[in-house]
Amino acid sequence: VSVRTALRWAVVLHVGIALGAGRGAAQTPAPHFTYERAAIPGAAGPNRLAVDPVLVAGGRPLAYAPAPAAAGRQLTFTGGLEDLRLYDSSGQEVPYLLVAAPAPSEHWQSGSTLPILATKEESGFEVDLGSLLRIDRLRLSGIPAPFLKRVRLEGGGDRNHWSVLVAEGTLFNLPDERLEREELSFPAGEFQYLRLTWNDRNSAPVSPPRAVAARVVAPQAGALPVSFPATFERRPSEPRRSRFRLHLPGPRMPITALELSCGGGHLLRQARVNEPQLSGTEVVPVAIGSALLRRAVRDDLVAADLRISINRPEGTELELVVDDGDNPPLELLAVSAELPPLPWIYFESAAGAPLAARFGAPTLAAPRYDLEAMRESVTARQAAEAHWGDVRNLGPPPVELPAGSPLPAIGAPVDVTAFRFARKIPPGPLGLTALVLDPAVLAHSSRLTDLRIADASGRQVPYLLERLEEPMSVDLGDLARDPTGNTPPSHNESHYRITLPYDRLPSSRLVLSTTARVFERTLTLQIERPPVDERSSPRRQTIGSNVWRHTDPDTPALALVLDLPPLDVSTVALTISEGDNSPLPLSPARVLLPAYRLRFFRTNDDPLDLLYGQPDLAAPRYDLALLAPRVLGATAHEVHPDAEASAAALPVKHGTTTETKVFWGALIIAVAVLVFLIARLLTKGEPA
Amino acid sequence: VGGFGGYIGALPIGQAVLMLALVLRLLAIEPPGQRQLGRLALVAGAALAFITVAIPLQLDRQWITIGWALEGAALAWLYRRIAYRGLLVWSAGLCAVVFVRLALNPAVLAYHPRGGLPIWNWYLYTYFVSAAALLGAGRLLRATDDRIDEYLRVSDCLIGGGTVLLFLLLNIEIADFYSTGPTLTFNFSADLAQDLTYTIGWALFAIGLLAAGIAGHSRSARVASLGLLVITVVKCFLHDLWRLGGLYRVGSFVGLAMCLAMVAVLLQRFVLGAQKEAV
């Protein structure tokens, strides 16, 4: 009986397991790819396809590790792009290998030089490397500094046929400006001879170099860093500082440096690149790179070093901050992001027909193909150059959290009626959302600790408070003359009334600008304090004073920035001591407030409200450690809350005036009755 | 107090009702002539204490001082009903504490910020009610055996203390009227208007005290009033009007002479002429 029972249980267990496995297989969702892109083979058979920034931005992040110093490289590719799949026209998966680019050779081959015939406009020399070599870089040394020259570089297998490698390059060594560039990069090719021609039209000829060398590269090139343009926008900023927000095409891109292109002339400014990162309970800007931007312009030649090395960014938004000093705002023309040498893709095409490459599936595991057996030999195989077609966005993956997910999408319920202010958050796309806090929130929230986001049923939506380094600029318009300004007869003063958007604003900065160019004025800011008691008069308190001076008639005056402490009033009086001069013309003023955003994850289309105005409420405590990776590593859709309505009246908890009067009457009557009773009970001369 | 702070005065009323029930019970179990006055005085005094503290509890400033003053007056009244010596001592002690707290403790003026209205403020009800309580207690005790020794009576002390409190109230209200800032400031050499306000106030107080002394046949009150009047006149002409120049100063001396002559007449008429009158 026991054996039969055991068998029966075994059968039941097997059936159950089979059913469970079947159900599990049925529930395994098909991978959702965000991007699809055509991969066009160069020919049937082995193909080589370069990984480019588009693929890097859309696929799983590339991983790099510091390479041994002996390798001569800073980073070595170790993995990534696990979500990349190639499909043929019938939907069958095509195996591929992701192959690390060969390390660039650090072997430099020196060459002998032979001057070329100099003219009034040109001079130069030819370089003989001794044999035909695959090279990609030329290095000169021993040219007496300083110099700044425009050059043309040509290469050839013999001395009769030349190919232009660099049509118009610039080489320089300016010790005073600490600018030096004595190497020329060019597309790798096989050359024995190089010809460098100096352009002497606008500068004196330079002496021949003491030594010349060319960098020899491996047969399989492609190990050069790759750059791609990054979009950017100018952001509001305080005077003497330029701020730009850079948008990267994807999170966790292995960017190593940013190269700026700027307009204008000479340049010597400190620049810093920030990225929002979690610090404690807030998201704050953290510097991930900095550099001193240098550029010297002589005639029409430019020597510049506008490269900023950065640590790998986590998200898709970077902030570039440039200290302008006493110069005009930086004229930023372009930004290119530099990636380390990228891997390449090896695949075999049966008929040379186009393939479909799909990527952008965050949870997809790396594929395992039998093609892996070929990895050691693919670098030596002759492969046709495949190329990419257009990319197509298939839409973001669904954002609904899987059951049992530890990520906090919804928090505890909150009593929405306890908040004085409730503002609608406009609908937007699902995913990461950044809600910009405006001056009304800063004025009416209690140190931002009482901020809550709630859905229609009153459940909280967890958020991270992000403090931006850039200020929030609020235009105040033209300053109004203050007719109540008290001017002693002996003083020539101008009085203005500055109206801030709200009272109870936090610390801020007032920015004043003028069209005048030569002036010196003393400015004083005052606020009207309430009387110390009901019988005293209001008094004025000085909250700031500064001397504003500009002496160069050829340049516009820099704006004046005056710090404002936290104020409980919305009107500030500005007094300008004009001396014996005419009133200083003032342009529209603005106030700079601290800027904050709330980063939260929108998982459905439910309407959301921003709640605040509950002074006793402590800061929320969400599971930030779990939330942070989701709200920092993705592109945020920025929204602004709807306009603030007037404050709701708080319930009055004290008794009404009528109730108070009735109580006082009753109390007096009760006292009188009790006194009367005692008087009646205790007759005069109570006998012992 | 759980949100019932606005009705806290109801609590001592309830406690007074309970104590009154005890008084009733005491009177019922002890027939007249066999009662222990000490016990009856204690219970009745406690009932009065609750009654007198009911209204001051509703006030938010100096309610305990007012309560003590009213309790002192109530005990003086009770002493007329129950001739128990402890009641006299209790009443005198409470009134003494009130006097010390309001007259000899300058810090009492800084316990609370100044009110929003001149005259009609917490100084008025605190000092006036306390002074009235002391004067009332003194008045009630005059018909009793309240002698402490051969020369000193509790009633005289209480009436004197009440008068001093009224005089202090007068000066406090004047100082409050001219003060700026959250605290009260006495400034006897500020400007002519403030100085003259003090002078006029003192003069009116002295005249009022003189009238009270005449009406109440109190020689000490009359002497005090004339003394205050002399001080007031001297202050007026030698301090307040001293800053005037030329003929105004001459005129002030003429006025001083006339006022002193008037004081001499009053002194002759109401003080020296009443030597035979009992104090």
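Residues numbered from 1 in each chain as written. Chains lettered and ligands numbered in written order. Predicted model: local features only at pLDDT ≥ 70, side-chain atom pairs only at ≥ 80, totals over all residues. Heavy atoms only, no water.

Another point: the overall build of chain A. When its secondary structure is counted, chain A shows six helices and 41 strands. Residue burial in chain A is summarised as follows: out of 688 residues, 44% are buried. Across chain A, the fraction of contacts at a sequence separation of at least 24, relative to all contacts at a separation of at least 6, is 79%. With the model as given, the accessible surface of chain A reaches about 35000 Å², and the carbon-plus-sulfur share is 54%. (Helix = DSSP H or I, 4+ residues; strand = E, 2+ residues; numbered from the N terminus. Buried < 20%, exposed > 50% of the residue type's maximum accessible area, 1.4 Å probe, protein only. Contact = heavy atoms within 4.5 Å. Areas by Shrake-Rupley, 256 points an atom, 1.4 Å probe, with all protein chains shown as cover.)

What follows covers the overall build of chain B. When its secondary structure is counted, chain B shows nine helices and zero strands. Mapped in sequence order, the helices and strands of chain B form the string α-α-α-α-α-α-α-α-α. When each of the 279 residues of chain B is scored for burial, the buried share is 42%. A fraction of 64% describes how many contacts in chain B between residues 6 or more apart in sequence connect residues 24 or more apart. Roughly 13900 Å² of accessible area belongs to chain B as shown, and the carbon and sulfur atoms make up 71% of that amount.

Residues and elements named next belong to chain A. Going through the model one piece at a time under the given rule, you end up with 48 salt bridges over all chains. Of the charged contacts in the structure, one is a salt bridge between R243 and E238, with a shortest N-O distance of 3.0 Å. Overall, E238 belongs to the buried group, its relative accessible area being 9%. A salt bridge links D324 to R269; the nearest nitrogen and oxygen atoms lie 2.8 Å apart. Placement of D324 in the loop between β22 (317-323) and β23 (332-339) and of R269 in strand β18 (residues 267-279) is noted, with a sequence separation of 55 residues between them. The pair D324 / R269 is uniform in exposure class, with both members buried. Each of E233, R235, R245, E317, E466, E470, R597, R599 and E638 takes part in one network of salt bridges that share partners. (Salt bridge = Lys/Arg side-chain N within 4 Å of Asp/Glu carboxyl O.)

Residues and elements named next belong to chain A. The strand order across the open sheet formed by five strands is β6-β5-β25-β1-β27, and the pairing between neighbours is antiparallel. Bordering the open sheet on either side are β6 (93-94) and β27 (387-393), each of which pairs with just one other strand. Examined bridge by bridge, strand β5 (residues 85-87) and strand β25 (residues 355-359) share three bridges and lie antiparallel to one another. Across the sheet, residue Y87 finds its bridge partner in β25, namely A356. (Pairing = 2+ DSSP bridges.)

Let's shift gears to unusual backbone geometry. Residue and element names in this part refer to chain A. Cis peptide bonds are those with omega within 30 degrees of zero, and the linkage from A145 to P146 qualifies with 0°. Summarising the element assignment, P146 is placed in the loop between β9 (122-141) and β10 (147-156). One non-glycine residue, R178, adopts positive backbone phi at about 55°. Inspection of the secondary structure puts R178 in the loop between β11 (163-174) and β12 (179-181). Judged by its relative accessible area of 64%, R178 is exposed. Phi at L448 takes a positive value of approximately 65°, unusual for a residue other than glycine. Inspection of the secondary structure puts L448 in the loop between α4 (439-444) and β30 (452-455).

Residue and element names in this part refer to chain B. Together, V230, V234, L238, W242 and F253 give the surface a local cluster of nonpolar side chains, amounting to about 410 Å² of exposed area. Position of V234 among the secondary structure elements: in helix α8 (residues 219-240). The class for V234 is partly exposed, based on a relative accessible area of 34%. (Patch = residues over 30% accessible without salt bridge, like charges linked within 9 Å, V, L, I, M, F, W, Y side chains within 5 Å.)

Residues and elements named next belong to chain B. The interhelical angle for the contact between helix α7 (residues 192-215) and α8, taken along N-to-C directions, is 160°, at an axis separation of 8 Å. By the angle between their directions, the pair α7 and α8 is classed as roughly antiparallel. Viewed along their axes, α7 and α8 form a crossing whose handedness is left-handed. Here the residues of the contact of α7 with α8 are counted per class, giving 17 nonpolar, five polar and four charged. (Axes fitted to C-alpha atoms, helices over the stretch in contact; angles between N-to-C directions. Parallel < 35°, antiparallel > 145°, perpendicular 65-115°, else oblique. Left-handed = near helix turned anticlockwise from the far one by under 90°. Nonpolar A, V, L, I, M, F, W, Y, C, P; charged D, E, K, R; others polar.)

For the rest of this paragraph, the subject is the packing of aromatic side chains. The final tally for this structure, using the stated rule, is 15 aromatic pairs over all chains. Judged by centre distance (5.3 Å) and plane angle (85°), the rings of F519(A) and W548(A) are edge-to-face. Pair noted here: F519(A) is in strand β35 (residues 519-529) and W548(A) is in strand β36 (residues 539-550), with a separation of 29 residues, a long-range link. Take W548(A): its relative accessible area is 3%, and that puts it in the buried class. A connected cluster of aromatic rings, assembled from ring pairs, spans F167(B), Y198(B), W202(B) and F205(B). Its end group placed over the ring of W344(A), R48(A) keeps NZ or CZ at 4.4 Å from the ring centre. Between the NZ or CZ atom of K235(B) and the centre of the ring of W202(B), over which it lies, the distance is 5.4 Å. (Phe/Tyr/Trp six-rings, centres within 6.5 Å; stacked < 30°, edge-to-face > 60°. Lys NZ or Arg CZ within 6 Å of the ring centre and 35° of its normal.)

Residues and elements named next belong to chain B. One way to put it is that helix α2 (residues 37-58) packs onto helix α3 (residues 63-81) with a least axis distance of 8 Å and a crossing angle of 140°. Here the hand of the crossing between α2 and α3 comes out right-handed. Contact residues: α2 offers A41, A44, G45, L48, A49, T52, V53, P56 and L57, while α3 offers W63, I66, G67, L70, E71, A74, L75, W77 and L78. Per-class residue counts for the contact of α2 with α3 are 14 nonpolar, three polar and one charged.

Turning next to the confidence of the model for chain B. The predicted model of chain B has a mean per-residue pLDDT of 84, with 92% of residues at 70 or higher. Interface confidence for the predicted complex, expressed as ipTM, amounts to 0.73; the pTM equals 0.63. (pLDDT = per-residue confidence, 0-100.)

With that settled, the discussion passes to helix α4 (residues 85-103) of chain B. Residues and elements named next belong to chain B. In a regular helix each residue adds 1.5 Å, so 19 residues correspond to 27 Å; α4 covers 27 Å between its end C-alpha atoms and thus fits that length. Where α4 is concerned, the buried positions are L87, L88, S91, L94, C95, V98 and L102. The buried residues of α4 occupy one face: seen down the axis, they fall within an arc of 135°. Along its buried surface, α4 packs onto α2, α3, α5 (122-141) and α6 (154-178). (Expected span 1.5 Å × (residues − 1). Arc of directions from axis to C-beta.)

On to the environment of P249(A), then. Residues and elements named next belong to chain A. Relative to the helices and strands, P249 resides in the loop between β16 (241-247) and β17 (257-262). Between the alpha carbons of P249 and T231 there is a distance of 8.8 Å; along the sequence they are 18 residues apart. Beyond its immediate sequence surroundings of up to four residues, P249 is in contact with A57 and F228.

All names here are of chain A. Where burial is concerned, the two faces of strand β7 (residues 96-99) agree: the one with Y96 and L98 and the one with L97 and V99 are both buried. Bridge count for β7 against strand β24 (residues 344-349) is four bridges, and the pairing is antiparallel. Note that in β24 the partner of L98 across the bridge is I345.

Residues and elements named next belong to chain B. Over its 24 residues, α7 runs 34 Å from end to end, which matches the ideal 34 Å to within 8%, given 1.5 Å per residue. Where α7 is concerned, the buried positions are Q194, D195, Y198, T199, G201, W202, F205, A206, L209, L210 and G213. Immediately beyond the C-terminal end of α7, within one or two residues, lies H217, with a positive phi of roughly 55°.

Right, let's get into the side chain of Q192(A). Within the fold, Q192(A) resides in strand β13 (residues 183-199). Looking at Q192(A), the relative accessible area reads 15%, which means it is buried.

Along any regular strand the residues' side chains alternate between the sheet's two faces. Residue and element names in this part refer to chain A. One ladder, built from 13 bridges, connects β9 with β13; its direction is antiparallel. Each residue of the ladder has a partner; that of F125, found in β13, is L196. One ladder, built from seven bridges, connects β10 with β13; its direction is antiparallel. The partner of L153 across the bridge, within β13, is L196.

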